[in-house]
Amino acid sequence: MSEETTETVAGTFKVDDARHADKMAKKKAARDKIMATKTDQKGLIIVHTGKGKGKSSAAFGMIFRHIAHGKPCAVVQFIKGAMWTGERDLIEKHFSDICQFHTMGEGFTWETQDRARDVAAAGAAWEKAKELIRDERNSMVLLDEINIALRYDYLDLNEVIEFLKTEKPHMTHVVLTGRNAKEELFEIADLVTEMELIKHPFRSGIKGQAGVEF
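Under an unreviewed UniProt entry, the name given to the protein is Corrinoid adenosyltransferase, and the source organism is Rhizobium tubonense. Entered under Sequence similarities (unreviewed entry) in the UniProt record, the comment concerning the protein runs "Belongs to the Cob(I)alamin adenosyltransferase family."

Below, the structure written as structure tokens:
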């Protein structure tokens, strides 16, 4: 490359760098202006749903953030039963002083094959959930797979919605996970994320694996 060509290329990069810096400065100014208007804080109602993988995983990510910040939190699992999971093992062994963990389900519905038993288990889990949510010391309460219990009418949807609207403390975050979340939950939620399924190893004959699924 000739000296003249090198200078031309260098000059082009300088112009591009200057344009990029100007563009980013304008973007930052616009962003700062927007952020200046976001002054309120409140406990959020967060829904993770959809057929894709990652609903509970994302919710546990927030629980671990709470733990990292030293904020008391709690987990109630509505469906998962005696099955061992890495999250539960880690929290119970190392963070039980700051995060309460209650596995109240007895497994997925096709495993119990007993509707009355499933309804009773879901009811007990909901009572524990209400207790934990009412306790203002808890900054976040994760209701893992509650959407499944609501889908099968193991819980009264209207009661759950009314409780969240009227009894949840102002600064308490509540996360509800599970497929097929009810539309009525979307209406009262502050944040709704739908995990979209594009590809899953289970369809290729690969079973759930430690560190990925549990």
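Resuming the write-up.
Participant: Would you mind going over the packing of helix H5 (residues 115–134) against helix H7 (residues 157–166) with me for this structure?
Facilitator: The description of two packed helices rests on the angle between their axes and on the distance between the axes. It is the contact of H5 with H7, at a shortest axis distance of 11 Å, that shows an interaxial angle of 10°. When the axis of H5 is compared with that of H7, the two are roughly parallel. Touching Trp 126, Lys 130, Ile 133 and Arg 134 of H5 are Glu 159, Val 160, Phe 163 and Leu 164, all from H7.

Participant: For this particular structure, what's the right way to read the environment of Leu 155?
Facilitator: With respect to the secondary-structure elements, Leu 155 resides in the loop between helix H6 (146–151) and H7. Using a relative accessible area of 10% as the deciding quantity, one classes Leu 155 as buried. Sequence spacing of Leu 155 and Val 119 is 36 residues, and the spatial spacing of their C-alpha atoms is 7.2 Å. The contacts of Leu 155, once residues within four sequence positions are left out, are Phe 78, Ala 122, Gly 123, Trp 126, Ile 146, Ala 149 and Leu 150.

Participant: It is not clear to me how the packing of helix H2 (residues 55–68) against helix H3 (residues 86–94) should be interpreted in this structure. Could you clarify?
Facilitator: Look at H2 against H3: their axes get within 12 Å of each other, and the N-to-C directions meet at 15°. With respect to each other, H2 and H3 are oriented roughly parallel. Crossing of H2 over H3 shows left-handed handedness. Across the interface between the two elements, Phe 60, Ile 63, Phe 64 and Ile 67 from H2 touch Glu 87, Leu 90 and Ile 91 from H3. Considered class by class, the residues forming the contact of H2 with H3 number six nonpolar, no polar and one charged.

Participant: Whenever I open this one, a positive patch on the surface confuses me. Can you help?
Facilitator: A grouping of Lys 51, Arg 151, Arg 179 and Arg 203 is seen on the molecular surface, where their side chains present a positively charged patch. Structurally, Arg 179 is set in the loop between strand S5 (173–177) and helix H8 (183–188). For Arg 179, a relative accessible area of 39% translates into the label partly exposed.

Participant: How do you make sense of unusual backbone geometry when you look at a structure like this?
Facilitator: Negative phi is the rule for most residues except glycine; trans is the rule for most peptide bonds. Despite not being glycine, Glu 145 has its phi angle at roughly 70°, a positive value. Among the structural elements, Glu 145 can be located in the loop between strand S4 (140–144) and H6. Overall, Glu 145 belongs to the buried group, its relative accessible area being 10%. Look at Asp 153: it is not a glycine, yet its phi comes out positive at around 60°. Structurally, Asp 153 can be placed in the loop between H6 and H7.

Participant: Hey, could you run me through the state of the cysteines in this one?
Facilitator: One covalent bond between the sulfur atoms of two cysteine residues makes up a disulfide. This structure, assessed with the given rule, holds zero disulfides. Free cysteine Cys 73: the closest other cysteine sulfur is in Cys 99, separated by 3.7 Å. For Cys 73, a relative accessible area of 0% corresponds to the buried category. The class of Cys 99 is buried, set by a relative accessible area of 2%.

Criteria and thresholds
- Residues numbered from 1 in each chain as written.
- Predicted model: local features only at pLDDT ≥ 70, side-chain atom pairs only at ≥ 80, totals over all residues.
- Heavy atoms only, no water.
- UniProt positions renumbered as here; feature names shortened; annotations may be inferred.
- Axes fitted to C-alpha atoms, helices over the stretch in contact; angles between N-to-C directions.
- Helix = DSSP H or I, 4+ residues; strand = E, 2+ residues; numbered from the N terminus.
- Parallel < 35°, antiparallel > 145°, perpendicular 65-115°, else oblique.
- Contact = heavy atoms within 4.5 Å.
- Buried < 20%, exposed > 50% of the residue type's maximum accessible area, 1.4 Å probe, protein only.
- Left-handed = near helix turned anticlockwise from the far one by under 90°.
- Nonpolar A, V, L, I, M, F, W, Y, C, P; charged D, E, K, R; others polar.
- Patch = residues over 30% accessible without salt bridge, like charges linked within 9 Å, V, L, I, M, F, W, Y side chains within 5 Å.
- Areas by Shrake-Rupley, 256 points an atom, 1.4 Å probe, with all protein chains shown as cover.
- Salt bridge = Lys/Arg side-chain N within 4 Å of Asp/Glu carboxyl O.
- Lys, Arg positive; Asp, Glu negative; His and termini not counted.
- Charge placed at Lys NZ, Arg CZ, Asp CG, Glu CD.
- Disulfide = S-S within 2.5 Å.

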